[in-house]
Amino acid sequence: MDSNQSSVPDEPAADDVATGDPDTEPRRNFVFEMGSLIIGGLVGLVPLLVGLVSFLDPLFGSKKKPRLYADAGGGDDDLIRISSLGALEVDGEPQRFPVIADKQDAWNYIPDQPIGAVFVQRLANDEVRVFNATCPHAGCSVSCVGTAFHCPCHNSAFALDGSKLVSDSGRTNPSPRPLDSLEVDSQRLKEDQEVWVKFQNFYTGKHEKKPKS
Amino acid sequence: MKAIFAKLSDWLDDRTGYRALAHEGMYENIPGGSRWIYITGSMLVFAFVTQAITGIFLWMAYSPGSQNAWESVYHITYGMQGGFLLRGVHHYMAQFMVVLLPLHLVQVVVCRAYVAPREINYWLGLVLMLLVLGLGLTGYLLPWDQKGYWATKVATELMALPPGGEQLQKLAVGGSQYGHATLTRFFAMHAGVLPALLAIVLGLHLAMFRKHGITAKSSPKRPDEYFWPKQVFKDAVGCLFLLIAALGLAIWREAELGPPAEPTESYGAARPEWYFLFLFQLLKKFKSEFVGAIVVPSLVMAFLFALPLIAKIRFGHVVNVVVMLVLVIGAGYLTYEAIEHDNYDHWYAEQPPADENSPEYALWKERVDAAEKFHAAQAQAHHESERIHELIDFYGIPRTGASVGLVQNDPEIQGPRIFQRSCASCHSYLDENGEGIAGPAAPADWDGETPYAAPNLYGFATPDWFMRFLEPERIVSDEVFGLTKHKTGMMAADFVESELVDLDAAGKQALQQISEALSAEADLIWRQESVAKARQDGTLDKGVEALEIAVDSQACTDCHKFHDLGDLGSAPDLTDYGSYDWLYQFISNPMAERFYYEDSNDRMPAYAEHKDNPALNLLTHHELDMLVRWLRGDDRNLELKLEQKAAADEEPAGEETSGEEAAAEEAAAEA
């Protein structure tokens with residue numbers, strides 16, 4: 001809007017040929033000028049603000065689960081079943097499993113969707129180690145080749161215990177921290193012989209392991 | 001501080017020359033001074049800017065596509081913070097633009113601002129008007145609700161009328177059917193092509209307006225003024241008024257989102273957005289759609305474009321003004337008439353023409369009926385909208401979208417539809433107030449004896465349902481056996497009408513108990529509490545006992561089977577009467593041994609007797625499922641499903657089908 005242009009000289013240029021002369025009533029003009037600026041600014045800003053409120057929804061908006069799933073588990077902070085213990089060989093290679101949980105995707109609510117992947121390695125009879133398959137460097141998905149984890153994007157590498165590896169050529173490992181280990185429910189592991197994990201994603205590229213909420 | 005600003009300002013001006021620009025913008029001379037009537041143009045610009053801003057924010061949340069469009073608009077409106085306001089402002093500001101356009105146009109014509117040398121700018125204005133109308137038309141479809149879907153469908157159907165229109169229609173729709181491509185194309189037009197064109201033409205329009213200046217002449221009484229600050233102030237106040245109105249409407253009359261588009265369901269309340277109602281009404285005035293939809297509007301547009309040329313003729317301007325006013329009044333009248341016809345039942349229902357045989361009376365009747373249908377369709381859409389709200393709060397929106405995923409699978413929406421087309425030719429479904437689905441009307445030559453209709457199925461398998469069959473005055477009433485051959489059958493004539501006529505209090509109580517016990521067989525989820533209560537206080541046991549006690553010479557179980565008592569073949573099985581499986585099998589084949597065996601059935605067709613070849617069945621499994629669940633009221637209260645789910649969760653894992661579906665599948669497998 002024209003009315004938003006505030007930095008206007010107060011008097012018309014000397015060579016202006018217009019017959020009108022607003023400067024004859026300076027006080028009244030001041031009222032109109034301020035009124036124009038305030039109202040003009042307001043009408044320009046309000047639509048923008050209305051839009052911004054909904055634009056900022058991801059930061060401040062609340063999510064509501066459908067009633068049917070409200071009491072059920074499967075949310076981000078809940079334990080998720082990954083596998084039975086019997087499916088894993090003791091001291092075997094880490095196995096990649098999809099993480100299946102209900103997914104709220106903007107307007108869609110989709111039960112039992114893959115929401116991530118984990119590596120599970122059975123160390124002893126009732127001891128497992130679980131890593132989030134996301135590379136802590138920049139969020140690519142790591143793969144496991146026999147004795148180590150590799151990230152195809154920027155060549156991060158991790159030992160089977162998750163610690164950072166330095167490559168043979170001495171190239172630096174870009175990952176700021178070891179692979180992100182995940183908490184395993186020890187009770188279910190021992191009693192039910194099942195691997196249940198508190199699945200979390202973490203902010204990548206940082207030294208500290210900070211969960212995304 | 002001030003010095004720094006001055007320096008910065010100088011620096012900027014040296015490089016951009018912004019002062020001269022701003023000066024040119026602000027100090028335009030207005031002959032005769034600022035006026036309130038000049039604000040329409042600025043208000044239109046403001047409205048367009050608002051639409052652009054709110055539109056871009058809506059764009060960030062909207063997803064075109066037939067499984068996403070309605071769903072994302074639903075999410076904007078009900079899921080995102082402030083989304084209803086954003087959508088509301090966009091919705092109402094669009095309507096304000098359409099109101100302001102003719103005002104601006106009439107003003108330009110009346111003030112002679114369209115004649116030489118301003119013809120080109122006038123034509124640009126008309127192009128702007130068409131662009132805005134195009135934005136309105138394309139935007140109306142985007143929510144993909146029933147209203148927008150059907151209204152826009154009519155508009156694109158009409159596109160095919162002129163020669164070459166078929167290709168044009170295909171291009172607009174993105175194929176021969178409405179779908180994803182229609183939405184992606186309409187969205188690109190609405191958010192990309194049309195606004196870009198509008199911005200360009202608007203720029204030219206403004207530039208040319210500046211070149212020619214305001215048409216008014218200065219007079220000694222009204223001295224000239226600059227645009228800044230008084231006219232700017234007036235413009236700003238006008239814009240503020242628009243903004244407040246849009247915000248107010250968005251809050252107090254939230255922009256509507258109807259039920260999601262369903263290509264298979266007609267929508268009796270399909271109307272274009274109100275500002276296109278005059279075109280809608282115009283269409284009805286002509287026998288040929290081609291004339292009403294293409295020829296007349298084209299002629300009017302041609303006239304509008306010709307105004308500056310007509311003005312060159314003597315009295316041309318006067319003719320222009322007069323025709324212009326006639327057109328505006330005509331459009332206004334057509335709009336009024338369209339609204340009047342849709343409200344005929346509300347406005348004129350009490351004022352029928354005196355002579356019932358006059359053509360006026362027939363016309364009045366026709367219009368009242370049509371308006372009633374319109375309002376019924378509106379109420380139905382409103383009702384379905386509310387139900388869809390409930391469904392979404394409960395189930396969430398599946399990936400298949402609200403229409404396919406929720407509406408198609410909801411017994412409360414589908415049940416009545418299936419009943420209407422497959423059952424209502426005999427049965428009715430009317431509640432205590434007589435509302436619901438009417439059954440067949442008596443034939444004109446009905447003798448009052450010959451059966452022609454079947455029982456009212458409202459309240460199926462409730463205790464009252466069974467009481468209808470046990471009370472002498474009710475079993476032969478029109479809503480039970482009164483219109484079937486069962487009126488003179490064993491149950492009605494030989495038993496209820498003879499044995500149950502003069503019961504004492506204890507006898508009547510026994511009937512109540514029987515009804516309770518039989519209703520418990522149906523295992524209606526919404527009656528579980530009352531059944532549990534009846535079980536506790538012994539009513540059920542007494543009812544079951546009463547079933548086998550002979551009244552005079554006959555007992556229920558002499559004809560009916562009830563669990564271990566009695567045999568099949570002579571009357572419907574009372575074991576599990578009204579349960580999902582019972583009703584499913586009954587509708588599938590009422591002539592089965594379990595129900596009205598062979599000849600005892602009175603004309604009810606077997607809707608799904610071909611278990612091995614479902615293609616031959618009158619109703620599919622899905623339709624039967626919807627119908628049965630609706631008649632039983634299984635999905636009426638969704639909260640009760642939570643208990644069902646909790647119960648199902650306790651069963652061994654891997655059980656995914658609900659009890660009802662499992663029963664149906666089992667039954668299908670058995671046969």
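Source: prediction; values computed, not measured. (Residues numbered from 1 in each chain as written. Chains lettered and ligands numbered in written order. Predicted model: local features only at pLDDT ≥ 70, side-chain atom pairs only at ≥ 80, totals over all residues. Heavy atoms only, no water.)

### What to know about the overall build of chain B
- On a plain count of helices and strands, chain B comes out with 28 helices and 4 strands.
- With respect to the principal axes defined by its C-alpha atoms, chain B has extents near 110 × 70 × 50 Å.
- By residue count, 49% of the 671 residues in chain B fall in the buried class.
- Long-range pairs, those at least 24 residues apart, make up 68% of the contacts in chain B between residues at least 6 apart in sequence. (Helix = DSSP H or I, 4+ residues; strand = E, 2+ residues; numbered from the N terminus. Buried < 20%, exposed > 50% of the residue type's maximum accessible area, 1.4 Å probe, protein only. Contact = heavy atoms within 4.5 Å.)

### What about the side chain of B:E71?
- Along the chain, the position of B:E71 falls in helix α4 (residues 69-79).
- There is no salt bridge for the buried B:E71, and the closest opposite charge comes from B:R399, which lies 12 Å off by N-O distance. (Lys, Arg positive; Asp, Glu negative; His and termini not counted. Salt bridge = Lys/Arg side-chain N within 4 Å of Asp/Glu carboxyl O.)

### Quick look at the confidence of the model for chain A
- When pLDDT is averaged across chain A, the result is 84; 84% of the residues are at 70 or more.
- Low confidence marks residues 1-20 of chain A, where pLDDT is under 50. Its contacts with residues over four positions away, or in another chain, come to 44 contacts. (pLDDT = per-residue confidence, 0-100.)

### Notes on the interface of chain B and chain A
- Contacts between chain B and chain A engage 54 residues on the former and 58 residues on the latter.
- Taken together, the two surfaces of chain B and chain A that pack against each other cover about 4,800 Å², and 68% of this comes from carbon and sulfur.
- In this structure, the connection of chain B to chain A is made through 2 salt bridges.
- The salt bridge involving A:K64 is made with B:D393; its shortest N-O contact spans 3.7 Å.
- Seen at the junction of chain B and chain A, the total is 14 residue pairs in polar contact (both at pLDDT 80 or more).
- Elements with a minimum of two residues in the side of chain B that touches chain A: α2 (18-26), α3 (39-59), α4, α5 (83-110), β2 (225-226), α10 (227-252), α15 (359-395) and α27 (639-650) of chain B.
- Per-element accounting of the side of chain B that touches chain A gives the leading share, 12 residues, to α10(B). (Buried area = accessible area lost by both parts, 1.4 Å probe. Polar contact = N/O pair within 3.5 Å; in protein donor to acceptor, adjacent residues only side chain to side chain.)

### Here's the deal with the environment of B:I39
Residue and element names in this part refer to chain B.
- Along the chain, I39 falls in helix α3.
- A relative accessible area of 12% places I39 in the buried class.
- The sequence separation of I39 and F276 amounts to 237 residues, and the corresponding C-alpha distance is 25 Å.

### Some details on the sheet that holds strand β4 (residues 127-132) of chain A
All names here are of chain A.
- Spatial strand order, β2-β3-β4: 3 strands in an open sheet with antiparallel pairing. Two strands in the sheet have a free side with no partner beyond their single neighbour: β2 (95-105) and β4. The mean angle between the axes of side-by-side strands here comes to 35°, regardless of whether they run parallel or antiparallel.
- As paired elements, β2 and strand β3 (residues 108-124) share 10 bridges and run antiparallel to each other. Opposite K103, over in β3, you have I110 as the bridge partner. (Pairing = 2+ DSSP bridges. Axes fitted to C-alpha atoms, helices over the stretch in contact; angles between N-to-C directions.)

### Considering the pattern of salt bridges
All names here are of chain B.
- This model, assessed by the stated rule, comprises 32 salt bridges over all chains.
- Close ionic contact of K365 with D369 constitutes a salt bridge, the shortest N to O distance being 3.2 Å. Residue K365 and its partner D369 are both found in helix α15; the two are separated by 4 residues, about one turn of the helix.
- You can call K365 partly exposed: its relative accessible area is 37%.
- The exposure class of D369 is partly exposed, given its relative accessible area of 29%.
- A salt bridge links E384 to R417, with the shortest nitrogen-to-oxygen separation between them at 3.2 Å. Separated by 33 residues along the polypeptide, E384 in helix α15 and R417 in helix α17 (residues 411-422) bring together distant segments of the chain.
- What emerges from the salt-bridge pattern is a single network uniting E262, E265, E384 and R417.

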